[in-house]
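Structural overview
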Amino acid sequence: MKRSSFIILPTLAAAALVNPIFAAPPVDFEKDVKPILEGACLHCHAEDAKEDGGDYYMNTKELAFKGGPSYGKDVINTKDPQDS
């Protein structure tokens, strides 16, 4: 392999990682997140829920990120989804 390949290939790889064309699209709460919550969470964690899920409501983005007195504000951790 030519010496120039040792410089060009890593540079192209780094450019691909930071180029917004290759970045994942932003997550939209209504389109991407709410359908998941409707199937798994909102039967208890909605303001008009049939079952009691306590004081943490997730039916709007604002309420979901607000958290509740029992859980605090770190219920949804966008930097560490596995911890959410």
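Criteria and cut-off values
- Residues numbered from 1 in each chain as written.
- Predicted model: local features only at pLDDT ≥ 70, side-chain atom pairs only at ≥ 80, totals over all residues.
- Heavy atoms only, no water.
- Core = buried A, V, L, I, M, F, W, Y, C linked by side-chain atoms within 4.5 Å.
- Buried < 20%, exposed > 50% of the residue type's maximum accessible area, 1.4 Å probe, protein only.
- Contact = heavy atoms within 4.5 Å.
- Disulfide = S-S within 2.5 Å.
- Helix = DSSP H or I, 4+ residues; strand = E, 2+ residues; numbered from the N terminus.
- Lys, Arg positive; Asp, Glu negative; His and termini not counted.
- Salt bridge = Lys/Arg side-chain N within 4 Å of Asp/Glu carboxyl O.
- Polar contact = N/O pair within 3.5 Å; in protein donor to acceptor, adjacent residues only side chain to side chain.

Another aspect to go through is the nonpolar core. Residues Phe29, Leu37, Leu42, Ala46, Tyr56, Met58, Ala64 and Val75 constitute the largest nonpolar core, which totals eight residues. When residues no more than four places from it in sequence are discounted, the contact partners of Leu42 are Lys34, Leu37, Ala49, Met58 and Asn59.

A few words now on the state of the cysteines. Under the counting rule described, the total for this entry stands at zero disulfides. Looking at the unpaired Cys41, the closest cysteine sulfur is the one in Cys44, lying at 8.9 Å. Here Cys44 falls in the buried class, since its relative accessible area comes to 16%.

Along the chain, Lys34 turns up in helix α2 (residues 29–40). Of the side chains with opposite charge, Glu30 lies nearest to the buried Lys34, which makes no salt bridge, at 4.1 Å. Reaching out from Lys34, the side chain makes a polar contact with the backbone oxygen of Asn59 at a distance of 3.3 Å. In contact with Lys34, not counting residues within four places along its chain, are Phe29, Leu42 and Asn59.

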